[in-house]
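# Observations on the three-dimensional arrangement
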Amino acid sequence: MLKKSNYLKFSLKMATNFKINIIGGGVIGCIQAIELKKLGHDVAIYEKNTIGSGSSMCGAGILFPLLPNNYSTEVFDLINKSKKYYSELSEILNSQFDIDIEYLRSGMTVILDDLRDIELWLRENKLSFSTEKFRSFNAITIDDVYQINPKKLIQGLQKYLDYLGVEILENNFISTDLKNNFFDINGRKISGDKFILASGAWTQELDNDLRDKIFPVRGQLIEYKKTNYIQLEHILYKDGFYLLQRKNGTLIAGSTLENVGFDDNLTDQDLRFLKKNAEKIIPELSELEVINHWCGFRPGSKDNIPTIVQDKKIKEKFYNVGHYRYGISMAPASVSKLISLF
Ligand SMILES: Cc1cc2nc3c(=O)[nH]c(=O)nc-3n(C[C@H](O)[C@H](O)[C@H](O)COP(=O)(O)OP(=O)(O)OC[C@H]3O[C@@H](n4cnc5c(N)ncnc54)[C@H](O)[C@@H]3O)c2cc1C
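Rules used throughout
As a convention, each chain's residues are numbered from 1 in the sequence order in which they are written. Only residues with pLDDT of 70 or above have their local features reported here, since the model is predicted, and side-chain atom pairs are shown and tallied only from 80 upward, although totals for entire chains, interfaces and linings are computed over all residues. For the side-chain quantities, the full set of heavy atoms in the structure was used; hydrogens and water were omitted. DSSP bridges decide pairing: two strands pair if at least two such bridges lie between them. Secondary structure is summarised from DSSP: a helix means a run of H or I of at least four residues, a strand means a run of E of at least two, and numbering begins at the N terminus for each. Fitted lines through C-alpha atoms serve as axes, helices being fitted only where they are in contact, and the angles separating the N-to-C directions of these axes extend from 0 to 180 degrees. What makes a salt bridge here is a side-chain nitrogen of Lys or Arg within 4 Å of a carboxyl oxygen of Asp or Glu, nothing more. Only protein chains enter the calculation, and the probe is 1.4 Å; a residue is then buried if its accessible area is under 20% of its type maximum, exposed if over 50%, and partly exposed in between. Contacts are assigned to residue pairs that have any heavy atoms within 4.5 Å of one another. The criterion for a disulfide is a pair of cysteine sulfur atoms lying within 2.5 Å. To pair, rings of Phe, Tyr and Trp, with the six-membered ring standing in for Trp, must have centres within 6.5 Å; the planes then decide the type, stacked if under 30 degrees apart, edge-to-face if over 60, and tilted in the middle.

## Overview of the sheet that holds strand β17 (residues 307-310)
Sheet architecture is open: six strands sit in the order β8-β2-β1-β11-β18-β17, paired in mixed fashion. Pairing within the sheet leaves two strands with one partner each, and these edge strands are β8 (167-169) and β17. Sheet twist, expressed as the average angle between the axes of neighbouring strands with direction ignored, equals 15°. Strand direction decides the pairing type here: β17 and strand β18 (residues 317-321), joined by four bridges, are antiparallel. Bridged to Thr 307 within β18 is Val 321.

Here's what the structure looks like:
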């Protein structure tokens, strides 16, 4: 019988081995690399900063759409098909690398005056829920909603990539020319059989044709200090804002949706805005210190639908970009979809 660690390395070998270059080391690029390496390909990730330093480490880590009835079936399908992967990945990262990604079935309570549309959607999709008030608010709790800690996820993915022997080239900005060649930070042309753009909100810098299709949408989050007197039973959502609790007890609140390009200047006014919205859900938060305030740039796309395609003209070029608000949730199924195009 194979030892579990060997089983991790090799799932199903492909007949042909390709040299595959992935541009971007976010959650999409990392999971893409892991799954391709397990298939026996020779894989490298080029990352202009450090692994996870784009949108992926900034996220809240909710593995479900906030108001699921507002999204197309395409988005929900990718999220749904990714679910099993995270439960398995969580076990692997725990047992092999001692990393707890805080994968938790937290459930999500949606506070809304009119619950009819979401209730209908949940019934149609056969998802279990209950309608109990949250404090004085009308609310519905969706049971099968999970959360993870994105920073821990990135740590775990990095260990897994190292273990598999994926080549990781950090601080390596990739550029391209009109002939669709790719060059590393030293201007050297990169050779390979396939190139996968997993470059998130920055994809437009590599492909001008995608300028209007994939665009940065800034999101801000704050983290309240750990407290013993607020224990969230579920993720909470109200009026575009959510609150969730990390395993260590700190509370994450957000987020904003801002079209400000790549501006990462955060102000006291921004902080007050986030606090005000969080404290509308749980007023006692006003007593707590905010210990962190940060932002990230989501790879925005129309209707939150990612672009997972082979280039029409350049057959060796592929795209796995534009996952907008749910890139962590959709990553595993997006990666499988891309591999099916080979
Ligand atoms: C505040 C906030 C909250 C969020 N909450 C959630 C959530 O709860 N659940 C959820 O599912 N999603 C959430 N998201 C969205 C999620 O983070 C993104 O959809 C996801 O991280 C996108 O992953 P990615 O790998 O495509 O992009 P990124 O993580 O941005 O990775 C792209 C990488 O490509 C690199 N790169 C770009 N261009 C080049 C180049 N030329 N050369 C080399 N490297 C390059 C970048 O440096 C970057 O590291 C949230 C996002 C934000 C900002």
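## Some remarks on the pattern of salt bridges
The tally for this structure, following the rule as stated, stands at 16 salt bridges. Between Asp 239 and Lys 238 there is a salt bridge, with the nearest N and O atoms lying 2.9 Å from each other. Residue classification places Lys 238 among the buried positions, given a relative accessible area of 14%. A salt bridge links Lys 302 to Asp 303, with the shortest nitrogen-to-oxygen separation between them at 3.4 Å. Taken together, the salt bridges that share partners define one network made up of Lys 83, Arg 105 and Asp 144.

## Some thoughts on the environment of Lys 238
Relative to the helices and strands, Lys 238 resides in strand β13 (residues 235-238). In this structure, the C-alpha to C-alpha distance between Lys 238 and Phe 137, residues 101 residues apart in sequence, is 9.7 Å. Contacts of Lys 238, omitting those with residues within four sequence positions, involve Ile 111, Phe 137 and Ile 281.

## Describing the state of the cysteines
Throughout the structure, instances matching the rule amount to zero disulfides. You can see Cys 58 has no disulfide; the closest cysteine sulfur is in Cys 295, sitting 6.8 Å from it. Under the relative-accessibility criterion, Cys 295 is labelled buried at 14%.

## Some points on the environment of Ile 190
Relative to the helices and strands, Ile 190 is located in the loop between β10 (182-183) and β11 (194-197). Judged by its relative accessible area of 8%, Ile 190 is buried. Those residues in contact with Ile 190 that sit more than four places away from it in its chain are Asn 21, Tyr 46, Ile 174, Phe 182, Phe 183, Asp 184 and Phe 195.

## Points about the packing of aromatic side chains
According to the stated counting rule, one finds 13 aromatic pairs in the structure shown. Summarising the aromatic geometry, the rings of Phe 97 and Tyr 160 are spaced 5.8 Å apart at their centres and angled 50° between planes, so their arrangement reads as tilted. Here Phe 97, found in helix α3 (residues 73-97), pairs with Tyr 160, found in helix α5 (residues 150-164); they are 63 residues apart in sequence, far enough to count as distant. With respect to class, Phe 97 is no different from Tyr 160; both count as buried. Centre to centre, the rings of Phe 182 and Phe 195 are 4.8 Å apart; their planes meet at 25°, and the pair counts as stacked. Within this pair, whereas Phe 182 is found in strand β10, its partner Phe 195 is found in strand β11, the two being separated by 13 residues in sequence. Looking at Phe 182, the relative accessible area reads 2%, which means it is buried.

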